[in-house]
Structure formats: C-alpha cells, structure tokens
Amino acid sequence: MTGVIEVRGVSKAFGGVVANRDISLTVADGAITGLIGPNGSGKTTLFNSIVGYHPIDGGEVFFEGREISKLKVQQIARLGLLRTFQQTRIYKAMNCVENMEISVSQRRDGFIDMFARPDHAVIDKAEAMLEFVGLYEKRHLISGELSFGQQKLLEFAMALMNEPRVLLLDEPTAGINPTLINGLIDRLLSANADLGITLFVIEHNMRVIMNLAQHIYCLAHGELLASGGPEEIQEDQRVIDAYLGAH
Amino acid sequence: MSAVTSGWLLYGGIPLVGLIAPFVFPDYTFQIAVLWVMILFAQTWDVLGGQMGYNSLGNILFFGAGMYISAVVQIAVVYDVGEYTSAFGAIRVDFTPGQYYLGLALGTLFAGLGGIVLAVLLGLCFLGMRGPYFAIGTLGMALAAGEFVSTVQFLGGGGGISMPVFPGDPGVRSKFFYFSCFLLAVLAFATVRWLYGGRFGLAINAIRDDEDKAEAMGLHTMRYKIVAWTVAAFFLGMSGALYGNMIGFIEPLEVAFPTTTFGIFMVAMCLLGGKGTLWGPVLGATLFHVVKEVTWTHLLGWQWVALGAIIIVNIVFFQQGILGWARERWPARFGVVVDRRGAGERQGERAR
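**With respect to the overall build of chain A**
When you go through chain A residue by residue, the secondary structure sums to 9 helices and 10 strands. Relative to the globule expectation of 18 Å for 247 residues, the C-alpha radius of gyration of chain A, 18 Å, shows essentially globular dimensions. Seen through its principal axes, chain A has C-alpha atoms that stretch 55 × 40 × 35 Å. A buried classification covers 48% of the 247 residues belonging to chain A. Contacts in chain A between residues far apart in sequence, at least 24 positions, make up 68% of those at least 6 positions apart.

The following block contains the structure:
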C-alpha cells in the first residue's frame, strides 16, 4: 500500500526519553486517517517529525513519493502538507478576515507577491470559509477576543484557506463545546469529501475518531501498538489495555 | 470629527505645515529638520519593532553607515579620500556647486543602497534570533560598528571627517537640508503606509503575533523579515547621509553611531506614540523631540531627567503608547470591531 504520506521507521528521542521508536505508517490518499494513544504516547511528536518541526533521529518521511525528512517547516507547508496545533495558534492581534487573508497558499509566490494589494477574490473566499465554519458574524472581530472553541474553528478555516493536499489536525475537538462537536465532525467530513483534502487526525474523543476515520493507528509509549479499521481498534485488547493502564 | 475630515487634516495639514514651517519659524529651521529625521527614525524602527515584533536596538548602525558611505562618495567625486581624511579638515577642497550636488545625490543614493546591502547581510546573521537575543545582538552590532569605524584611518578614525562645504549662503543651506529631510521623511512614511496596506503588512503582523504559526502556514518568514529590515535601512542610510551633511562634521561615536541617544530615542519615541500603529511613531517623535528641545533650551541640566520621566511614565502607566491607549478607549474610531455582548455570555460558549 502506498499513501500520500509514508512514514518509515521514524525515531525521535529527547535526551533519554524516546518519544517515537521505529514508527512506520501510511496515510492513504483522499482518506481520513486517525492517530490515537494515551497521553504522552508520542502522537504530537510524530506530527512534528512529519512536518519538519524538529530533525528526526532515524527513518524517513515521504510526501507524495518525495522524501521530506530534511526539509524545513515552511518548505513542507508550501508543498501542501499543513498542520494545526494542539494549543490553538492564530494571529491574535489581527481580525478574523486578516487571519484568513494571510493564510492563502504561498506555494507559487515569487518575490514581488510579497507586496500584493488586497484581493477581493481572496477576501470573498475568506468570508465564505468563515461562513463554512460558522464565524461569519465574527469576521471583523480581533481573533484573540474569540472564545477558545471559536479560535479552534478559525484555525481550521485558516488551514482550509491554504488549500492543502493533506491536513494534519492535532486534537481538533479538544476544548470544544459537545454540541459544536457534531458540527465540526460534519465540517471535517465535508472538507475531506468536497474539498478533497486528505486528513490525518490526532483525537482523544473516541466517539469522534470512530465516526471520522476509515483507518486508525494507535501509539503507546512511543511505539506503534495497533492499526486497523475503527471496529478492529475498538476490540483490540492491547489498545484497551493501553488506555486502561495495563500496558 | 468624521474619519474623512481627520484624514484630510492629517494628510493635507501636516505636509502643509512642513512646507511653510521654515518660512514662519526661520530660527527653528534646523530643529524642525531634525524633527523630520526623528519621525523617520521612529517610523522605520516601528516597521520591525512595532509591526513585526523584532525590537532592534541597533538600527542606528544604518544611519551611521549611510553617513560614512555618503562622505566617502562625496569626497571621492573630486579628491583622494585617504588624503582628505588624514588632513582632518586642514585642507580645504573647494567643491563647485555641480560637484557638490552631484556628490550629495550620489552619496545619498549609495547610502541608501549600502543600507540595503548591510541589512541583507546582517539580517541573515541576526534575524534568526528572537526576542531579547535579537535586541541584545543588534545593540552589540551597533556599538561594535562605532568602535570599528573609530579605528579605520581611511575614514578619519576617531577624529572624524569635515564634510564638503555647502556652496551657498547659510540661509539657503539650512532650507536646502530642511526640505531634503522633510521630503525623505514623507517618502519613508508613504512607503511604509503602502507596505502596511497590502500583504506585506499582514505578513509582518503575523510574524509578530506567532512566528511559528506563520512558518507552519508556509510563509516565507525570513524573506519578509529581511525585506522589512532593508526598508528601514534604506531610509535610515539616506537620512544619515543628509544629517551628516547638515551637521557638517561627522565622527563615529557621537554623530554617526549614537547608540545611547538616537539609537534609544527611536525606541522611546515609538513606545510613547504607540508602537504598531501608523501614526504613533509620528506623534511620539514630535512630542519627544519638542520636550527634548524645550528642556534642553530652558531647563539645561534637567533634560535627561525629563526624558527619563517620559519613558518611565510611558512604561508604567500606558505601555500601549498614546495611540495604542486611544485605540483601546475608542476602538470604533480606529476601525476595530468589538464584541458588544457581555463577558458572561461569551463564557457560556466556552467549552467544557
């Protein structure tokens, strides 16, 4: 099986703590893949390794067949592999539309594009995307004033604005009002189905990930513990043990 | 007062005041010329310090470098630079008006271009550092530049250089330099205003708010940071060229690289007016310069106390600066939209 992202034998240690040991996994093109595991199992470290946030100690990462293990964060982002953060990160002193405007893809940008004038097509698209995540009414507010859940939605909208090939979402529903979560699941599915964005999602909420992902990987203690479809994972005794602390 | 009227007052009134000032207050021509240089200082510092979140304490380097580049170019137009500088003003070279203006134009141009080259090279070294490391790194950079120039005999060492003498009478000279400084400050303002109005402004604001996020979104952050510094350096270099000629005598530590006076004033003026706003640096520079000159003239000995007091009051009571404070007080006037619902209502939306 070849996928849009291929992780082969990736290891990463921080001093003596091995956060990822020899992890290999595949993110299928066009699908939604899940990544679960107890706290501290190395999920976010794996995301950081994939997007080039830190150098990896061993192994390789391929994106669309191209090795990206040595590239920098910005270069990988410009290839169309984007991530959102667990601790939501937006440009807090700017309003929502400005946040969206500066999130457009820089893939084909030359030097002169740095001085581009405001573009109505971009602003229209920004407003449409804000409408999509339900922030249209708040579009002119300073984004730092939004509630945490709304900031999370804004960050998601900013990622969509960039038109990535693959989007890595780090706990998209953490800290979101339970009634809003259903709406968010619909939007994630719609981004995948309608916009054709491959999703790779870290999630703690089992209900969410079981409804979302077609294939799930489970990490524990920095190692790949199990993988399979949602039902398989739910019934896997090793996964249950890991979550209950038997491991 | 509507936004349109205040816009007309600002964009029409200030240039008008600038144009008639030397005729209405001929005795203060030099001081008002220095005010335009101060406004340029504050405005260019704010590109990095206010809009991009990179607090440079060494921007004065580009001012001093521009001053020296211009001096060398102006002398080289007609004379051997080494001979001229080693004579410490003992030889008087007469420049014809043609030679003088050609030299000054070329010198100012090269000072600006030299600023760009220096900003690119130094940017590659320093703009990878963040926060206090960048501030201290650039401070060291500017201090080192002054000391370095003091040791170069070709540039007159610590003794300085007497600049070519203006070919005209003093009244013409002061107006000539006044209008040069005025024009340059207006150009610098117009340039940064244009830059802030497009993607460049959004990008450097994004870098200020969260550089890691900007990188993760694929922004060419280093490119933006270096260009921001070159914009500041270009105008600072040219202002250095004009200032050196206006003073008539340049030397490294007090005139060209005054890190502890002009270098710090840049920062203080932006903080006073409100950093990260378009008009804050203009307002801050004007107030600061007026207080400085008034205390210097009428309360000699107290000027440093007055300036220190301004900085302390500024830092302790309104860190946002005057315009930053006004924007918080009357957000609608500044085009900022606020959520009018109560905080409790918003709290309800917050999760879990």
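**Some points on the sheet that holds strand E2 (residues 17-27) of chain A**
All names here are of chain A. Reading across the sheet, the 4 strands line up as E2-E1-E4-E5 and stay open at both edges, with antiparallel pairing between neighbours. Two strands in the sheet have a free side with no partner beyond their single neighbour: E2 and strand E5 (66-67). As paired elements, strand E4 (residues 58-63) and E5 share 2 bridges and run antiparallel to each other. Bridge pairing in E5 links Phe62 to Glu67.

**Description of the interface of chain A and chain B**
Residue-level contacts link 33 residues of chain A with 29 residues of chain B. Of all elements in the fold, only helix H2 (73-79), helix H3 (96-101) and helix H5 (148-161) of chain A reach the threshold of two or more residues within the side of chain A that touches chain B. In terms of residue count, H2(A) provides more of the side of chain A that touches chain B than any other element does, 4 residues in total. Residue classes in the side of chain A that touches chain B are distributed as 15 nonpolar, 10 polar and 8 charged.

**Quick notes on the domain arrangement of chain A**
Residues and elements named next belong to chain A. Domain parsing of chain A yields domain 1 (1-80 + 166-181 + 198-247) and domain 2 (90-163). Each of domain 1 and domain 2 was reduced to a C-alpha centroid, and the two centroids are 26 Å apart. With 8 residues of domain 1 at the contact, the number on the domain 2 side is 7 residues. Taken together, the residues that form the side of domain 1 that touches domain 2 break down as 4 nonpolar, 3 polar and 1 charged.

**Focus on the sheet that holds strand E9 (residues 215-220) of chain A**
All names here are of chain A. Reading across from one edge, E6-E7-E8-E3-E9-E10 is the order of the 6 strands in this open sheet, with mixed pairing throughout. Since the sheet does not close on itself, it has two edges, and those belong to strand E6 (81-83) and strand E10 (223-228), each with one partner. On average, adjacent strands in this sheet sit at an angle of 15° to one another, irrespective of strand direction. The strands that helix H1 (residues 43-50) touches are strand E3 (32-36), E6, strand E7 (166-170), strand E8 (198-202) and E9; relative to E7, the one it contacts most, it runs at about 150°.

**Digging into H1(A)**
In terms of burial, H1(A) is a largely internal element, 7 of the 8 residues being buried. Listed as buried for H1(A) are A:Lys43, A:Thr45, A:Leu46, A:Phe47, A:Asn48, A:Ser49 and A:Ile50.

**Quick look at the environment of A:Glu60**
Residue and element names in this part refer to chain A. Inspection of the secondary structure assignment puts Glu60 in strand E4. Taking the number of C-beta atoms within 10 Å as the measure of exposure, Glu60 has 15 and is therefore partly exposed. Between the alpha carbons of Glu60 and Val7 there is a distance of 6.2 Å; along the sequence they are 53 residues apart. Excluding residues that lie within four positions of it along the chain, Glu60 makes contacts with Arg8, Glu67 and Ser69.

**A few points about unusual backbone geometry**
All names here are of chain A. Of note in this structure, Asp22 is not a glycine but carries a positive phi near 45°. Relative to the helices and strands, Asp22 is located in strand E2. The backbone of Glu171 shows a phi angle near 50°, a positive value even though the residue is not glycine. Mapped onto the elements, Glu171 comes out in the loop between E7 and helix H6 (178-193).

**Examining the packing of helix H4 (residues 120-133) of chain A against H5(A)**
All names here are of chain A. Relative orientation of the contacting elements H4 and H5 amounts to 135°, with a least axis distance of 9 Å. Between H4 and H5, the interaxial angle falls into the category oblique. Our pair here, H4 against H5, has a crossing hand that is right-handed. For the pair H4 and H5, the contacting residues are Ala126, Met129, Leu130, Phe132 and Val133 in the first and Leu153, Phe156, Ala157, Leu160 and Met161 in the second.

**Digging into the nonpolar core**
One finds A:Ala157 and B:Met269 to be the most contacted residues of the largest nonpolar core, which totals 169 residues. The element contributing the most residues to this core is helix H10 (residues 221-247) of chain B, with 15 residues. Residues lining this core come from more than one domain, with at least three contributed by each of domain 1 (1-80 + 166-181 + 198-247) and domain 2 (90-163) of chain A. The residues touching A:Ala157, leaving out its near neighbours within four places in the chain, are A:Met100, A:Met129, A:Leu130, A:Phe132, A:Val133 and A:Leu135.

**Points about helix H2 (residues 29-49) of chain B**
Between the first and last C-alpha of H2(B) there are 30 Å, a value that for 21 residues agrees with the 30 Å anticipated at 1.5 Å per step. Taken across its 21 residues, H2(B) has 16 buried, putting it largely inside the fold.

**Concerning the confidence of the model for chain A**
Here chain A averages 90 in pLDDT, while 98% of its residues score no lower than 70. Of all the helices and strands in chain A, helix H9 (residues 237-244) of chain A carries the lowest mean pLDDT, 83, while H3(A) carries the highest, 95.

**Some points on the pairing of E7(A)**
Residue and element names in this part refer to chain A. A large share of E7 lies buried, amounting to 5 of its 5 residues. On E7, burial covers both faces: Val166, Leu168 and Asp170 on one face and Leu167 and Leu169 on the other are all buried. Relative to E7, E6 runs parallel, the two being bridged by 3 bridges. If you follow Leu82 over to E7, its bridge partner there is Leu167. The sheet contact formed by E7 and E8 spans 5 bridges and is parallel. Looking at E8, one finds that Leu169 is bridged to Val201. In the classification by handedness, the crossover that spans E7, the intervening H6 and the parallel E8 is right-handed.

**A short note on the pairing of E8(A)**
All names here are of chain A. Burial analysis of E8 places 5 of its 5 residues in the buried class, the great majority of the element. Burial of the side chains of E8 extends over both faces: Thr198, Phe200 and Ile202 are buried on one face and Leu199 and Val201 on the other. By the bridge criterion, 4 bridges tie E3 to E8 in an arrangement that is parallel. From the neighbouring strand, Thr33 faces E8, where its bridge partner is Phe200.

**Observations regarding the packing of helix H3 (residues 60-76) of chain B against helix H5 (residues 97-126) of chain B**
Residues and elements named next belong to chain B. Where H3 contacts H5, the two axes come as close as 8 Å, and the packing angle between them is 140°. In terms of orientation, H3 and H5 fall into the oblique class. Where H3 crosses over H5, the two elements pack in a sense that is right-handed. Between H3, through Phe62, Ala65, Gly66, Ile69, Ser70, Val73 and Gln74, and H5, the contact on the second element is made entirely by Gly103, Leu104, Leu106, Gly107, Thr108, Phe110, Ala111, Gly112, Gly114, Gly115, Leu118 and Ala119. Taken together, the residues that form the contact of H3 with H5 break down as 10 nonpolar, 9 polar and no charged.

Definitions and limits used
- Residues numbered from 1 in each chain as written.
- Chains lettered and ligands numbered in written order.
- Predicted model: local features only at pLDDT ≥ 70, side-chain atom pairs only at ≥ 80, totals over all residues.
- Helix = DSSP H or I, 4+ residues; strand = E, 2+ residues; numbered from the N terminus.
- Rg over C-alpha atoms; globule rule 2.2 N^0.38 Å.
- Buried ≥ 20, exposed ≤ 12 C-beta atoms within 10 Å, placed from the backbone.
- Contact = placed C-beta atoms within 7 Å.
- Pairing = 2+ DSSP bridges.
- Nonpolar A, V, L, I, M, F, W, Y, C, P; charged D, E, K, R; others polar.
- Domains from an automatic or database assignment.
- Axes fitted to C-alpha atoms, helices over the stretch in contact; angles between N-to-C directions.
- Parallel < 35°, antiparallel > 145°, perpendicular 65-115°, else oblique.
- Left-handed = near helix turned anticlockwise from the far one by under 90°.
- Core = buried A, V, L, I, M, F, W, Y, C linked by C-beta atoms within 7 Å.
- Expected span 1.5 Å × (residues − 1).
- pLDDT = per-residue confidence, 0-100.
- Right-handed = clockwise from strand over helix to strand, strands pointing away.

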